[in-house]
Amino acid sequence: MNNREGYVATIGMFDGVHRGHQFVVGQVAGCARELGLGSMIITFDHSIHHKQTLTPLADKCEALKAMGIDRVEVLAFTDQMRRLTAREFMEQQLRDRLGVRVLLTGYDNRFGHNREEGFDDYVRYGRELGIDVRQLPPLPADDDGQTAVSSSLIRDLLVGGDVAGAGSCLGHPYSITGHVVHGQHIGTGLGFPTANVSPDDGSQLIPAAGVYAVTVRLLPDAAEWPAMMNIGCRPTFSGTSQTLEAHIFQLTGDLYDRQLRVSFISRLRGERQFPSAEALQAQLHEDAKAVRLLFGMQS
């Protein structure tokens, strides 16, 4: 496709690239094919807000492109950008710089510094600027009639430890990418050696403290390994700082400095303090049994 023909585009944060986002991306791609134009997602750098994010920026762009989008444009929310009116934004950024010919947007979406302007205003500006502004259709209801999938809901689920519910909303397991760093080797002393994971993106939300069934990928390999992960401060050993420690079944060897991706499947229990190392060790054996059962592994 010749980029000078222009694009069908939509604008949003797309944090998490959840099921609602996937529906929107499908609408953009479908409309672009129908009109013989390119497809574009316009998103923003995380620095525009202070919330913990669900998806690192690079992963978000990769996920959007993998869904068949021709171009993902990341805008820096500078002071100059912040001062633009909706019409100026549509003219200077969408039309002149990015070549947007069709803009798909939700009825309640807002952009530009005057948040009192809305869909009808964007349609009018679009007519003046040669941009066809169309309303996105509503997200179809699930079998249970639920449609209210949002990044905020997913954050709330993760803060509560409900990684299975978050994964259902996302359409894929919630994951964190990080590197293996040196720890205190407490797990090794208990018979459960762990890989201590330092997240690559410090702004990414960490699920609630507790023990989880997860899968682990050693990047760039494709193979996934079943594991159990503890998130917490190790209160049994008077710990004070949060750690992410993964005991990876069926995998041995030196993992230090390796990059891996942890995908959360379900939460086994919350974090708690045990009266002794032996009591904790006994509980870890029970946790390991539960994880093996979940993954269909032999004990």
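Summarised in this report is the structure supplied together with it. (Residues numbered from 1 in each chain as written. Predicted model: local features only at pLDDT ≥ 70, side-chain atom pairs only at ≥ 80, totals over all residues. Heavy atoms only, no water.)

Side note on the layout of surface pockets
Then step 1. Reported here for the second largest pocket is a volume of approximately 430 Å³.
Then step 2. Lining the second largest pocket are 23 residues, with His172, Pro173, Ser175, Arg261 and Ser263 positioned closest to its centre.
Then step 3. Class assignment for the residues of the lining of the second largest pocket results in nine nonpolar, nine polar and five charged. (1 Å grid on protein atoms, 1.4 Å probe; cavity = no way out; pocket = protein on both sides within 12 Å on 5 of 7 lines; lining within 4 Å. Points joined across faces, edges and corners; volume = space filled by probe spheres on them. Nonpolar A, V, L, I, M, F, W, Y, C, P; charged D, E, K, R; others polar.)

Description of the pattern of salt bridges
Then step 1. Overall, the coordinates contain 14 salt bridges when judged by the stated rule.
Then step 2. With a shortest N-O distance of 2.8 Å, aspartate 96 and arginine 95 are connected by a salt bridge.
Then step 3. Residue arginine 95 is classed as partly exposed on the basis of its relative accessible area, which comes to 30%.
Then step 4. Where salt bridges share partners, they join Arg87, Glu91, Arg95, Asp96 and Glu128 into one cluster. (Salt bridge = Lys/Arg side-chain N within 4 Å of Asp/Glu carboxyl O. Buried < 20%, exposed > 50% of the residue type's maximum accessible area, 1.4 Å probe, protein only.)

As for the environment of leucine 136
Then step 1. Looking at where leucine 136 falls in the secondary structure, it is placed in the loop between β5 (132–135) and α6 (151–159).
Then step 2. On the accessibility criterion, leucine 136 (12% relative accessible area) is buried.
Then step 3. Residues leucine 136 and threonine 215 lie 79 residues apart in sequence; the distance between their C-alpha atoms is 36 Å.
Then step 4. Setting aside anything within four residues of it in sequence, one finds leucine 136 in contact with Thr10, Val24, Gln27, Leu104, Thr105 and Gly106. (Helix = DSSP H or I, 4+ residues; strand = E, 2+ residues; numbered from the N terminus. Contact = heavy atoms within 4.5 Å.)

Regarding the environment of methionine 40
Then step 1. Residue placement: methionine 40 occurs in strand β2 (residues 38–44).
Then step 2. By relative accessible area, which is 0% here, methionine 40 ends up buried.
Then step 3. Placed 63 residues apart in sequence, methionine 40 and leucine 103 show a C-alpha to C-alpha distance of 9.6 Å.
Then step 4. Once residues within four sequence positions are removed from consideration, methionine 40 is found in contact with Tyr7, Val8, Ala9, Thr10, Val28, Ile69, Arg71, Glu73, Leu98 and Val100.

Structural notes on the sheet that holds strand β1 (residues 7–11)
Then step 1. Taken in spatial order, the five strands of this open sheet run β3-β2-β1-β4-β5, and their pairing is parallel. Either end of the sheet is taken by a strand with one partner, and the two such strands are β3 (71–75) and β5. Direction aside, neighbouring strands of the sheet carry axes that sit 25 degrees apart on average.
Then step 2. Note: strand β4 (residues 100–105) against β5, four bridges, orientation parallel. From the neighbouring strand, leucine 103 faces β5, where its bridge partner is valine 133.
Then step 3. Set on the sheet, helix α5 (residues 119–129) makes contact with β4 and β5; between it and β5 the angle comes to about 155 degrees. (Pairing = 2+ DSSP bridges. Axes fitted to C-alpha atoms, helices over the stretch in contact; angles between N-to-C directions.)

Focus: the pairing of strand β8 (residues 210–218)
Then step 1. Among the nine residues that make up β8, eight are buried, leaving the element largely enclosed by the rest of the structure.
Then step 2. Bridge analysis of β8 against strand β9 (residues 224–232) gives eight bridges, and the strand direction is antiparallel. Each residue of the ladder has a partner; that of threonine 215, found in β9, is proline 226.
Then step 3. Connecting the antiparallel pair β8 and β9 is a turn made up of five residues.
Then step 4. Bridging between β8 and strand β11 (residues 259–270) involves nine bridges; their strand directions are antiparallel. Residue threonine 215 lies in a different strand from β11, and its bridge partner there is serine 263.

Some points on the sheet that holds strand β7 (residues 195–199)
Then step 1. Sheet architecture is closed into a barrel: six strands sit in the order β6-β7-β10-β9-β8-β11, paired in antiparallel fashion. Here the average twist between neighbouring strands, direction ignored, is 45 degrees.
Then step 2. Running at roughly 125 degrees to β11, helix α7 (residues 163–170) makes contact with β8 and β11 of the sheet.
Then step 3. Across the face of the sheet, helix α9 (residues 277–295) comes into contact with β8, β9 and β11 while running at roughly 110 degrees to β11.

Considerations on empty space enclosed by the protein
Then step 1. Enumeration according to the criterion identifies one cavity of 30 Å³ or more in this entry.
Then step 2. Of the voids in this model, the largest cavity is the one considered here, and its volume is about 330 Å³.
Then step 3. Along its surface, the largest cavity is lined by 22 residues, and Asn230, Arg234, Glu245, Leu280 and Leu284 are the ones closest to its centre.
Then step 4. Elements represented by at least two residues in the lining of the largest cavity include exactly α8 (186–189), β9, β10 (243–248) and α9.

With respect to the pairing of β1
Then step 1. Along β1, five of the five residues are buried, which leaves the element largely enclosed by surrounding structure.
Then step 2. Burial along β1 is two-sided: the face carrying Tyr7, Ala9 and Ile11 and the face carrying Val8 and Thr10 are both buried.
Then step 3. Note that β1 and β2 share five bridges and pair parallel. Bridge pairing in β2 places tyrosine 7 opposite glycine 38.

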